[in-house]
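Now for the letters of each chain:
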Amino acid sequence: MSPSESPVNITVNGQPVQAAPGEWVIAAAERAGVYIPHFCYHPRMNSVGMCRMCIVDIDTGRGPALQPSCMVAVSEGMVVDTTSEQTRKAQDGVLEFLLLNHPLDCPVCDKGGECPLQDQTMAYGPGESRFVEEKRHFEKPIPVNDLVYLDRERCILCDRCTRFADEVAGDPLITFQDRGDQTQVNTFPELPFSSYFSGNTVQICPVGALTAVPYRFKARPWDLTEVTSTFPNPMGDRVVVQASRDQVLRYQGWDSDPVNWGWLTDKDRFSFETLTGDLRLGTPLVRGTSLGRPDPEGDELVEASWHLALDRAADAIRGAMSGSGPSSVAVLGGARLTNEDQYAWARLAKGVVGTDNVDAQLDDGLPPHVVLGLARATIDRACTPGGTVILMAPDPKEEQGTLYLRLRHAVVNDGVQLIEVTPRASGLSHLAAHRLHHRPGEAAAVAAALVGGDLDAAPGRDIGGVAADDVVAAAAALADRSDRPITVILGRPSLAEATGPTVDAVAELARFAKVLAVGGRPGLAYLPTLHRGNVFGALDMGLAPGLLPGRVTLADGGPAVAEHWGAVPPAPGADARGILQAAADGNIEVLILLGADPLGDFPDRPLAEAALDRVGTVVATDLFLNPSAARAHIVFPVAGFTERRGTHTNLEGRVTCQPQIVTPPGTARPDWVIAGELARRLGSDFGFDTPEDVWSEIVRVAPSHRNLTVDDVEADDGAVVSDSSVAFSPPPDATPVPPIDSYSLRLVAARRLFDRGTLVQHAPSLAVLAPRASIAVNPYDFQRVGVEPGTEVQVVSPAGELTLPVVPDAGVHRGTAAVTYNAPDRDVRDVIVADGVVTDVRIQTR
């Protein structure tokens, strides 16, 4: 209810209640502490009144009448009675009808113990059935996709799953079929429920009709312990973690109003399988020594004691510092860690070792001054009714699933105007008011024209590959709503182009933001969408070159932080590319990998190979022995999500808690413990005994976090950190983008939700979902290739060659080609010009 609206006064069971105008009776009653039983109603979806279980006595001034409380809006003076005799009789009858064909198999049903139908039958039902005839039967269970099974006999036709698929996810792939008593929910023939969000239908199903394959028959609700936590993704989705016998068995979405509304992607929901994988590391590994004794082989990673592994790592760091100086030590990664872990490693690297060669990103994000130096938006601001969202990022549906759901709802239901400024179509394109799909590398030209550049173009002229008329129309629409919030969803739209074009586009928008500020309008703010889990926490904690904890630079915050740490690096260090280049040149003696896999994930694979070949000692902390960790000299097993306590920072700067619910495998330890042990061996005692000790120091040292209390962070929705002393620095000159010839296609490389990443490949239920690699081109360009869809072609670039099947895709801009980054079967890094502004490829038939 907005401050300008007056509350509506109603009476519920004799008690006065104030409701918001237009609020459903069922919602107003629930806020007042009166529960009205229901099955089909869900507060995040449109009401349909299918189940009739929420029928209550409602008197609007013309006498009481039985009405479905999920379909009646409150009105002044309304009287609601949920306990009347006619209400009880109606609810009793509804339940008897629902149970006519519902199998009474609660002891073997996976929903038993947490089933609303079971609970409400006990509380409001008849106690026994008069139905003695044969119930209807269907084949059961049937897979609607690889993750969800459907038992049609148990379905009560509440319409929840079908509404979610259609209204929320925009994937109307499951629907009602047939008529009468044979009505059923099912998918279309030969078309599975191939939605990234299908697991949500299992969670909201009020009976056992939909069950999750990874959880089926694993536990009963009364066997589970649970905690509310934050999933380690950039959105910081709030979840309920459920475990039994010291093993995580299920994630459920938690309805956090400012974040994910209770929704999760299937990748996040079912990634709990990763934690219990057989390949988890549980013991330190050291190359050439086994538990303190020389290994005759000398070349293999073998199990060792923590004492030995820590001594080896400390000796290597000490030797590098004394022999080649602090800058010969570098740290890569850390985005998967908690804020406390990240702070401990930042203090070790910058305060103890004295190196600023630290980067949590692997050359696939944005410069820290862009992320921290711009006005930060919240998710709620982006979804403000009537506002404008400018999408200059990868497809949210593929990389930030729950942000996609929030944006989709805002566009469809709240009148948000979406303007796409991307090199290819996204999952939101069909909803966008204006689609400005430009050539890769030319976002700045389109942004400049959009916010007030020279639009006096001759007919037929294009701007960055976009028709000038389309840009003019989008600019006019943007100007019409300039008195309302404008939010830029900002990210790296393609890993086949440098960050320069994106930064140039931001510079154009920043000039526009100054114009809006002069007019006293809400202005323009940014919501950065970076790829890695807690990358925003990593930047806040100083795991980036030139930064210190609290969103301050070395130049501005160095003296204050040095008072706590004793010392800080004298000058900014190198980023990920600079670190690996220095390593390849032989200037890095010790490389510490914090959950990072440059061999598998860094855009320039040859550089990563050369770097790891030249480094004297590679120290890795990880959950699994990934390709880079397998090349390390020392490997520390670490505790993962749910196995250690800490905090997480999401893309809007919201800090929330991550409690521990299970123990880590073997002798694995939290990262902050490992960093503290190394510091002690290097002569500096951090004095950390618990993660709470680390947090207390963060609050004292980090300027941006000084006003945060423990209560703030432990609240259901956490607290947003907005202060930053880092300033955005527009580039002095625009990045030169080379012209494209008529024989080449400009490459777009973006991630998909399911790929060969650690979370997916170590979760058996998810690994099979990663699509095979292909190269997609516009139908016009496909005709020029002259082959059948799926034909293998040779993709050639200055960087190398790769064989891929080619397919037509109308969402790909003419003159460009799109590939999946990090696909499980082909490595597109073979054709990406990693040090170029853009990548041009040619397609040759074999």
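Residues numbered from 1 in each chain as written. Predicted model: local features only at pLDDT ≥ 70, side-chain atom pairs only at ≥ 80, totals over all residues. Heavy atoms only, no water.

Colleague: Tell me what's going on with the overall build of the chain, and back it up with residues and numbers.
Modeller: The number of helices and strands found in the chain is 27 helices and 40 strands. The C-alpha atoms of the chain give a radius of gyration of 29 Å, which matches the 28 Å a tight globule of 846 residues would have. For the C-alpha atoms alone, the extent of the chain along its principal axes is close to 90 × 75 × 60 Å. Across the chain, the fraction of contacts at a sequence separation of at least 24, relative to all contacts at a separation of at least 6, is 70%. Of the accessible surface of the chain, which amounts to about 32400 Å², a share of 50% is contributed by carbon and sulfur atoms. When the 72 basic and 108 acidic side-chain charges of the chain are each reduced to a single mean position, those positions are 1 Å apart. (Helix = DSSP H or I, 4+ residues; strand = E, 2+ residues; numbered from the N terminus. Rg over C-alpha atoms; globule rule 2.2 N^0.38 Å. Contact = heavy atoms within 4.5 Å. Areas by Shrake-Rupley, 256 points an atom, 1.4 Å probe, with all protein chains shown as cover. Lys, Arg positive; Asp, Glu negative; His and termini not counted. Charge placed at Lys NZ, Arg CZ, Asp CG, Glu CD.)

Colleague: If you had to explain the pairing of strand S21 (residues 417-422) to someone new, which residues and values would you point to?
Modeller: Among the 6 residues that make up S21, 6 are buried, leaving the element largely enclosed by the rest of the structure. With 4 bridges joining them, strand S20 (residues 388-392) and S21 adopt parallel strand pairing. Residue Val-389 lies in a different strand from S21, and its bridge partner there is Leu-418. Note: S21 against strand S22 (residues 434-437), 4 bridges, orientation parallel. When the sheet's bridge partners are listed, Ile-419 is paired in S22 with His-434. (Buried < 20%, exposed > 50% of the residue type's maximum accessible area, 1.4 Å probe, protein only. Pairing = 2+ DSSP bridges.)

Colleague: Residue-level account of the environment of Ala-443, with values.
Modeller: The topology assignment puts Ala-443 in helix H14 (residues 443-450). C-alpha of Ala-443 to C-alpha of Met-45: the two residues are 398 residues apart in sequence and 36 Å apart in space. Filtering out sequence-adjacent residues up to four positions away, Ala-443 remains in contact with Met-392, His-438 and Ala-505.

Colleague: Outline the pattern of salt bridges, listing residues and values.
Modeller: With the rule as written, the count across this model stands at 49 salt bridges. In this structure, the salt-bridge partner of Arg-532 is Asp-364, at a minimum N-O distance of 2.4 Å. On the criterion of sequence distance, the pair formed by Arg-532 in the loop between strand S26 (524-528) and helix H17 (535-540) and Asp-364 in the loop between strand S19 (358-359) and helix H10 (368-373) is long-range, its members being 168 residues apart. For the pair Arg-532 and Asp-364, a shared accessibility class is recorded, and that class is buried. One salt bridge in this structure joins Arg-424 and Asp-809, with 2.8 Å as the shortest N-O distance. Residue Arg-424 is found in the loop between S21 and S22, and its partner Asp-809 is found in the loop between strand S38 (800-808) and strand S39 (816-821); the two are separated by 385 residues along the sequence. The partly exposed category is assigned to Arg-424, whose relative accessible area is 26%. (Salt bridge = Lys/Arg side-chain N within 4 Å of Asp/Glu carboxyl O.)

Colleague: Describe the environment of Glu-300, with residues and values.
Modeller: Within the secondary structure, Glu-300 is located in the loop between strand S16 (293-294) and strand S17 (301-303). Accessibility expressed as a relative area gives 48% for Glu-300, which makes it partly exposed. With 278 residues separating them along the chain, Glu-300 and Gly-22 place their C-alpha atoms 68 Å apart.

Colleague: If you had to explain the state of the cysteines to someone new, which residues and values would you point to?
Modeller: Counted by the stated rule, this structure contains 0 disulfides. Considering cysteine sulfurs only, Cys-161 is the nearest to Cys-155, which forms no disulfide, with 6.2 Å between them. (Disulfide = S-S within 2.5 Å.)

Colleague: Summarise the packing of aromatic side chains; cite the residues concerned and give the values.
Modeller: One pass over the full model with this rule turns up 10 aromatic pairs. Ring geometry for Phe-231 versus Tyr-251: centroids 5.8 Å apart, planes at 75 degrees, classification edge-to-face. Of this pair, Phe-231 sits in the loop between strand S11 (225-230) and strand S12 (238-244) while Tyr-251 is found in strand S13 (residues 247-253), placing the two residues 20 residues apart along the sequence. Look at Phe-231 and you get buried, because its relative accessible area is 2%. The exposure class of Tyr-251 is buried, given its relative accessible area of 2%. Consider the rings of Tyr-343 and Trp-565, whose centres lie 5.9 Å apart with planes at 65 degrees: the pair is edge-to-face. Here Trp-565 lies in helix H18 (residues 554-565) and Tyr-343 lies in helix H9 (residues 339-353), a separation of 222 residues in the sequence. By relative accessible area, Tyr-343 is classed as buried at 0%. Judged by its relative accessible area of 7%, Trp-565 falls in the buried class. An aromatic cluster is built from Phe-231, Tyr-251, Phe-272 and Phe-641, whose rings are joined through pairwise contacts. (Phe/Tyr/Trp six-rings, centres within 6.5 Å; stacked < 30°, edge-to-face > 60°.)

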